[in-house]
Amino acid sequence: MILNQKDKRTELLAPAGDLTTAIRAYEAGADAVYVGYKEFSARGHAKNFTLLDLQRLKGYAHQHGKAFYVALNTLVTDSELSSLIAFLKNLELLEPNAVIVQDLGVAGLIFKHFPSLTLYASTQMAVHNSAGLAMATEMGIRRVILSRELTLDDIKRLRAQHSDIELEVFIHGALCYSFSGLCLASGLLLSRSGNRGQCAQICRNYFMVGKERQFCFSCNDLFYAHHVLKLKEIGVNSFKIEGRLKTAEYVVAAVLLYRRILDCADATQTSKANENDSLLLDKARLTFARKATTGYLYSRHGDDLIDPSYAGHRGIFLGVVKDYQQPFVTVDLNYPLKRNDTLLCLTPKKACTEQRFNAFEIKNSSHKNVQELKRGQLALIRADFACTRGQELYLINSNSGKKEKKIDLKTIPKFGPRFKAQFVVDEKSICISARFLDDVDVSCALDVAVSASKDRKSLEGPVRQMFAVLGDLPFYLDLDIINQTPWEFPFVPLSLLKKIKVCFLNKLKGRFDDVVADKIKTTLPSVCVGQGPASSIREFGVRSKLSPHHHSRIPFADADDFKDPEFFFSLHNDRYVPLCPVLRDEASYFAGLKDMIADNAQTSFVLGLNNVHHIYYARQLATNDNVSFFIDVYLYAANRFSLTLYHQLIPRLRFAYFWPEGTRAEFESLRDVSPIPLVNMSDRQTLPLFISYGCLKKQPVCPKNCLGKDRFTVKNAGQSFEVLIDNCVAYVFSVDPLTVPS
């Protein structure tokens, strides 16, 4: 049990796209970093880590009392399971503090077959309510990274209800418009799935709204600053900075800011400690920042969430153009300016009118060339493009002239488990033997004429140096050197030492490969339990059939639908009820569902499960004989482990929809090993590309007398998209058909 949350030190968690960034984040004050492997990372475009990088990261973290987490936060296809299991076998030897997962099947695999690895639930798992936390706890997950759509009150309530699981919250960095893990836009439109680490960031594009171009889905950047202290007060365990695709400078600036805020709060116990520390705030804005927002922290619809005029880095507001006399713009400086600083010129309230340039020449009010100017001074800045009065200038990169000292990564000690080994030398041979992983023996011997060392040099130094590094194997040897010759200082040529090392390493790697192969062999068949009961499921290939009748687009049931079972699709005397993946009020939603089931005991209901919290409620509802279930699209049946987990956890499971971003070949392969019937939907354009609490009508506040409903069309690159707002939740659909990937 996790008790006295308020007394625990709040972890400051930084992103690291590479090893250099990780080390700099630690040096700046991060308690932990999260990193991605070259595979299975939701930031597939980041440099990411090799096994050797992870060994060095572990070595540094272990030496400095820091933590690190490995993000395996993507969906994993069935064909990738062997590669995943092999990586997990290596990873458990490195002993990371935790692995972060999205795929419920991967969570089940790790919990059962790699129990030494600690499980954290990624924000991609879209855990956002009490039932989701309860189910995560039951699955052996130690920490949940909560959905970014939760308010402070939501988080406070969840903290009070669940003291037995750690909570992690994003406090800084980019925001997705859609619920993380529920975004299908990039995958369905471009075959670059955000659930697979290949997001094309379609939400950052501009769209035609009528005749006006707007970045209508591009969210501003989360920037909590001193607001984190309210989260600290309620007992959040970890504060997370977003940004594995961003630079080391961005990460360091953010870590320095929040380290100072947290340390000052710990020292002074004031909720506004460091609020006016403008230097650190400015550095964080300069490295990369859109407009700052507190996101959903104080509003369920988001505060200043969308900036329709610009989707990129704004930096710090420098001033408004007062005049333009070619080639100089005149500005009253709101912030200091140095020669060669990089600036951005924007036309307010109009999209796509950006211009970036460098201040290669600046003058003061006396028209004299200067190197820098202070806040409040008049500046004339050379701009070799047409400017107009009223345009806004922003500082997006400052010429500080300071260069970071390069880190020699090779000097960082590597970490791995150590196994006992013996190096024995006698008059006629040398032999090395070791036992690793408790019961795996490896030895290699070489016949050689050993002689006495003429210069009385010890053999111990060369032997230890030779076997200090074992290639890319994730472990090391504690070597015991045994001299069985009559000489105090035996001599073996270096060439022969190299020869026995090559022989030994080949055998060692071969035996370790055998261990990994055996792990794969024993793990994969354990879930191949065969196809479930035969049933006719072809009619479910058209997923839109299951949408409640009165909904023109939204393919899920809302609370009002439970008042009348006639709203739901009927087939063979069954009523199909696809549950909503995100819920503002789970208690009333499931109370209404339970009442409908109880009041219609003669009706058979088949409930579609779309989130981890649905599994929790399904197990309660299964006590009703008139209820059965199917796995709907947002539980992402992408591999045999997820299907087997659902088969084990959920009674009376009828069938499962295959992961909608997967290919036809992947579906056919998975169907052969699935424990339940698997359906590949044909009408993927009926699924929402985005599901968001970011209501586009709130610009910037909710309009008076708004009913929380709207419907309009936007266009991009010749494609049309329908935006449907229902009960203040936005759904975005493709108007054009989407084909099933081959």
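The coordinates are above.
Residues numbered from 1 in each chain as written. Predicted model: local features only at pLDDT ≥ 70, side-chain atom pairs only at ≥ 80, totals over all residues. Heavy atoms only, no water.

K.L.:
How would you summarise the packing of aromatic side chains if you had to cite specific residues and measurements?
P.N.:
Within a pair of aromatic rings, the relevant descriptors are the distance that separates the centres and the angle that separates the planes. The final tally for this structure, using the stated rule, is 34 aromatic pairs. Judged by centre distance (5.5 Å) and plane angle (85 degrees), the rings of Tyr616 and Tyr617 are edge-to-face. For Tyr617, a relative accessible area of 10% translates into the label buried. These aromatic residues form a ring-pair network of at least three members: Phe540, Phe569, Tyr576, Phe630, Phe655 and Tyr657. (Phe/Tyr/Trp six-rings, centres within 6.5 Å; stacked < 30°, edge-to-face > 60°. Buried < 20%, exposed > 50% of the residue type's maximum accessible area, 1.4 Å probe, protein only.)

K.L.:
Please provide a residue-by-residue account of unusual backbone geometry, values included.
P.N.:
Geometrically, the link from Gln326 to Pro327 is a cis peptide bond, its omega value of 5 degrees lying close to zero. Among the structural elements, Pro327 can be located in the loop between strand S13 (316–325) and strand S14 (328–332). Not every positive phi belongs to a glycine, and His572 is a case in point at roughly 50 degrees. Note on placement: His572 falls in the loop between strand S29 (569–571) and strand S30 (574–578). Given a relative accessible area of 62%, His572 falls into the exposed group. (Helix = DSSP H or I, 4+ residues; strand = E, 2+ residues; numbered from the N terminus.)

K.L.:
Tell me what's going on with helix H2 (residues 51–64), and back it up with residues and numbers.
P.N.:
Relative to the 20 Å expected for 14 residues at 1.5 Å per residue, H2 spans 20 Å between its end C-alpha atoms, a close match to the ideal helical length. With ten of 14 residues buried, H2 lies mostly within the body of the structure. Those residues of H2 not exposed but buried are Leu51, Asp53, Leu54, Gln55, Arg56, Leu57, Lys58, Gly59, Tyr60 and Ala61. Those residues of H2 that are buried lie in contact with helix H1 (19–28), strand S2 (32–36), strand S3 (67–72), helix H3 (81–94) and strand S27 (476–483). Two residues or fewer after H2 comes Gly65, characterised by a positive phi angle close to 70 degrees. (Expected span 1.5 Å × (residues − 1). Contact = heavy atoms within 4.5 Å.)

K.L.:
Lay out the state of the cysteines with the relevant residues and their values.
P.N.:
Going through the model one piece at a time under the given rule, you end up with one disulfide. Disulfide pairing places Cys444 opposite Cys503 at an S-S distance of 2.0 Å. Handedness of the Cys444-Cys503 disulfide follows from its S-S torsion of about 110 degrees: it is right-handed. Placement of the pair is Cys444 in strand S25 (residues 440–447) and Cys503 in helix H12 (residues 494–523), with a sequence separation of 59 residues. For Cys444, a relative accessible area of 3% corresponds to the buried category. A relative accessible area of 26% places Cys503 in the partly exposed class. Take Cys387: it sits in no disulfide, and the sulfur closest to it among the cysteines is that of Cys345, at 4.5 Å. Judged by relative accessible area, Cys387 falls into the buried class, the value being 8%. (Disulfide = S-S within 2.5 Å.)

K.L.:
I'd like to hear about the pairing of strand S22 (residues 392–397), residue by residue, with values.
P.N.:
Each regular strand shows side chains that alternate between the opposite faces of the sheet. S22 sits mainly inside the fold: five of its six residues count as buried. Here four bridges tie S13 to S22, and the two strands are oriented antiparallel to one another. Counterpart to Gly319 in the pairing with S22 is Leu393. Alignment of strand S16 (residues 342–346) against S22, held across five bridges, turns out to be antiparallel. The residue bridging Leu346 from the neighbouring strand is Glu392, located in S22. (Pairing = 2+ DSSP bridges.)

K.L.:
Give me the pattern of salt bridges: which residues, what numbers.
P.N.:
Under the defined criterion, the tally for this structure stands at 37 salt bridges. Across the salt bridge formed by Arg300 and Asp154, the nearest N and O atoms sit 3.2 Å from each other. Taken as a pair, Arg300 in the loop between strand S12 (292–293) and S13 and Asp154 in helix H6 (residues 152–161) lie far apart in primary sequence, 146 residues in all. As a salt-bridge pair, Arg290 and Asp221 come within 2.9 Å of each other at their nearest N and O atoms. One end of the pair, Arg290, is in the loop between helix H10 (278–287) and S12; the other, Asp221, is in strand S10 (residues 221–223), and 69 residues separate them in sequence. (Salt bridge = Lys/Arg side-chain N within 4 Å of Asp/Glu carboxyl O.)

K.L.:
Quick one: what's the story with the packing of H3 against H12, residue by residue and with numbers?
P.N.:
Interaxial distance between H3 and H12 falls to 9 Å at its minimum, and their mutual angle equals 125 degrees. Here H3 lies oblique to H12, going by the angle between them. The element H3 and its partner H12 pack so that their crossing is right-handed. Here H3 contributes Ser82, Ile85, Ala86, Lys89, Asn90 and Leu93 to the contact with H12, which in turn contributes Phe512, Val515, Val516, Lys519, Ile520 and Thr523. Here the residues of the contact of H3 with H12 sort into seven nonpolar, three polar and two charged. (Axes fitted to C-alpha atoms, helices over the stretch in contact; angles between N-to-C directions. Parallel < 35°, antiparallel > 145°, perpendicular 65-115°, else oblique. Left-handed = near helix turned anticlockwise from the far one by under 90°. Nonpolar A, V, L, I, M, F, W, Y, C, P; charged D, E, K, R; others polar.)

K.L.:
Before we move on, could you go through empty space enclosed by the protein and cite the residues and values that matter?
P.N.:
All told, the structure shown has five cavities of 30 Å³ or more when counted by the stated rule. In this structure, the largest cavity spans a volume of roughly 130 Å³. Along its surface, the largest cavity is lined by 16 residues, and Gln102, Met125, Tyr634, Leu635 and Tyr636 are the ones closest to its centre. Empty space within the second largest cavity amounts to approximately 60 Å³. If you go around the second largest cavity, the residues you meet are Leu146, Ser147, Arg148, Leu150, Ile155, Val169, Phe170, Leu222 and Tyr224. (1 Å grid on protein atoms, 1.4 Å probe; cavity = no way out; pocket = protein on both sides within 12 Å on 5 of 7 lines; lining within 4 Å. Points joined across faces, edges and corners; volume = space filled by probe spheres on them.)

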